[in-house]
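If you want the building blocks of each chain, they are given just below.
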Amino acid sequence: MRRTICLLMCLVLPLSVLCFSPEATAESGAKAEILIEANTMQVLNSVNSDKKLPMASVTKVMSLLLWAEAIEAGTLTLEETVKATSAVQDTDGSVIWLEPGEEMTAAELLEAVIVASANDACVTLAEHVAGSEAQFIKLMNARARELGMSNTHYTNCVGYDDSGHYTTAYDVAVVTAELMKHEVYRGWMLTWLDYLRGGETQLVNTNKLIQYYDGILGGKTGTTDNAGCCLSVCAERSDMRLVAVVLGCPDDETRFGRAEALLDYGFDGFEKFTPVIDMTKLQHIPVTRGTQNTVLPVVKQNGAECIIRKGAASQVEYEYTFVEQAEAPVEQGQFLGEYLVLVDGIAVQRSDIVAAQAVKRISFGYCLWDILSQLIWM
């Protein structure tokens, strides 16, 4: 029989998909939407968030992430010159009218992508970084797998409609949260109007929320006939950073109105909370066939914050569950149990309980040495 502190072990989802029960919402007009807290990756509201949908230029969130990581790795600099190839002639939609052979700095092209969602600038940067757009797309898909975006596949770097080009609201939230860890784009994401080519080319930001929403950090819009109006946006107030994603909206007004409503819901209704670890619950666990008879368990994520409803701190409950015993060898960090933080019976944080130290398996040599040691000291 398992040794437990609590009588009931509830069903636990991975932390990345933990979800509060949101207030009842009317039909939003979006095909899918989600609201997450980016530091904890907790889901605060979700509708069809795992439904595979086209994403339009929200695709560029992944492109921007790869370039930000290249800048930090030193393989791309803002000052270096980038030359457009003949591939720019095949781009349409939002563009800055690059000509084959035209040169701009990486910074100018990045601003064109971030502010004006320029497809020709996006393809030019992709080719410059990876050698070709096809190779860059491979990098996009590989990075998606690394981030756990299991329901996303890219066939282009800009967001053109294609049957094999799809994502989910949840996956977009994941890559947006990752992108917003990088500060390099912050100024451009909050730029409403700017110019290139000495004032000849105007850039206007497609994200209207940067003009008025309190705490806005930036985001990415996207619109195509198949995808509808899409948006991923991030805002921060005090110690909470929220990401709202809406896909498949019928129009611009719905897209921004719904994203704003989601952000308001999060900031108005939730707060950060630091769970308490009851050290008296972490009793030594028996070890069989080990050089030690017991091992001390510890909570792996001790001190990690989570998100709870505002005013719900007094209702927080904790559950500790342990294995009955462990068999040597026991590795440091080996799973020994589970720690749950619950509000209204819903797990808002889960952490493994692990071994604080290693315990070696007993051997003939160890037994012989132990016997000899006892004889010596007799």
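Below is a summary of the structure that appears in this document.

Cut-offs and rules
- Residues numbered from 1 in each chain as written.
- Predicted model: local features only at pLDDT ≥ 70, side-chain atom pairs only at ≥ 80, totals over all residues.
- Heavy atoms only, no water.
- Helix = DSSP H or I, 4+ residues; strand = E, 2+ residues; numbered from the N terminus.
- Contact = heavy atoms within 4.5 Å.
- Pairing = 2+ DSSP bridges.
- Salt bridge = Lys/Arg side-chain N within 4 Å of Asp/Glu carboxyl O.
- Buried < 20%, exposed > 50% of the residue type's maximum accessible area, 1.4 Å probe, protein only.
- Axes fitted to C-alpha atoms, helices over the stretch in contact; angles between N-to-C directions.
- Parallel < 35°, antiparallel > 145°, perpendicular 65-115°, else oblique.
- Nonpolar A, V, L, I, M, F, W, Y, C, P; charged D, E, K, R; others polar.

**Some remarks on the environment of Glu102**
Then comes step 1: Inspection of the secondary structure assignment puts Glu102 in the loop between β3 (81–83) and β4 (103–105).
Then comes step 2: Through-space distance from the C-alpha of Glu102 to that of Ala84 is 5.4 Å; in sequence the pair is 18 residues apart.
Then comes step 3: Not counting chain neighbours up to four residues away, the residues in contact with Glu102 comprise Val82, Lys83, Ala84, Trp97 and Arg197.

**Let's talk about unusual backbone geometry**
Then comes step 1: The omega torsion across Ala328 and Pro329 is 5°, close enough to zero to call that bond cis.
Then comes step 2: Looking at where Pro329 falls in the secondary structure, it is placed in the loop between β16 (326–327) and β17 (335–343).
Then comes step 3: Here the phi dihedral of Ser117 falls at roughly 55°; this positive angle occurs in a residue that is not glycine.
Then comes step 4: Within the secondary structure, Ser117 is located in the loop between α2 (106–116) and α3 (119–130).
Then comes step 5: Not every positive phi belongs to a glycine, and Ser238 is a case in point at roughly 55°.

**Focus: the sheet that holds strand β12 (residues 294–295)**
The pairing of strands in a sheet happens through backbone hydrogen bonds and is either parallel or antiparallel.
Then comes step 1: Read across the open sheet, the three strands follow the order β12-β11-β16; overall the sheet is mixed. Two strands bound the open sheet, and with one partner strand each, they are β12 and β16.
Then comes step 2: As paired strands, strand β11 (residues 285–288) and β16 are joined by two bridges and run parallel to one another. By the bridge assignment, Thr288 is partnered in β16 with Glu327.

**So, the pattern of salt bridges**
Then comes step 1: Taken as a whole and judged by the stated rule, the model has 17 salt bridges.
Then comes step 2: Measuring nitrogen to oxygen at the nearest pair gives 2.9 Å for the salt bridge that ties Glu102 to Arg197. One end of the pair, Glu102, is in the loop between β3 and β4; the other, Arg197, is in the loop between β5 (193–196) and β6 (201–204), and 95 residues separate them in sequence.
Then comes step 3: Owing to a relative accessible area of 25%, Arg197 belongs among the partly exposed residues under this scheme.
Then comes step 4: In this structure, Glu338 engages Arg350 in a salt bridge whose closest nitrogen and oxygen atoms are separated by 2.5 Å. Here Glu338, found in strand β17, pairs with Arg350, found in strand β18 (residues 346–355); they are 12 residues apart in sequence, far enough to count as distant.
Then comes step 5: Looking at Glu338, the relative accessible area reads 13%, which means it is buried.
Then comes step 6: Beyond isolated ion pairs, a larger network of salt bridges with shared partners links Glu69, Arg143, Glu146, Glu178 and Lys181.

**Side note on the packing of helix α1 (residues 60–73) against helix α4 (residues 133–146)**
Then comes step 1: The geometry of α1 relative to α4 is characterised by a closest axis approach of 10 Å and an angle of 95° between their N-to-C directions. Compared by their axis directions, α1 and α4 come out roughly perpendicular. Here Met62, Ser63, Leu65, Leu66, Trp67 and Glu69 of α1 lie close against α4, whose contacting residues are Phe136, Leu139, Met140, Arg143 and Ala144.
Then comes step 2: Taken together, the residues of the contact of α1 with α4 sort by class into eight nonpolar, one polar and two charged.

**Quick look at the pairing of β18**
Then comes step 1: Most of β18 sits inside the fold, with seven of its 10 residues counted as buried.
Then comes step 2: Where strand β13 (residues 297–299) and β18 come together, three bridges link them in antiparallel fashion. Within the sheet, the bridge partner assigned to Pro297 lies in β18 and is Ala355.
Then comes step 3: Examined bridge by bridge, β17 and β18 share eight bridges and lie antiparallel to one another. Of the residues in β18, the one forming a bridge with Leu342 is Ala347.
Then comes step 4: Linking β17 back to β18 in an antiparallel pair, the connection comprises two residues, with Asp344 at a positive phi of about 55°.

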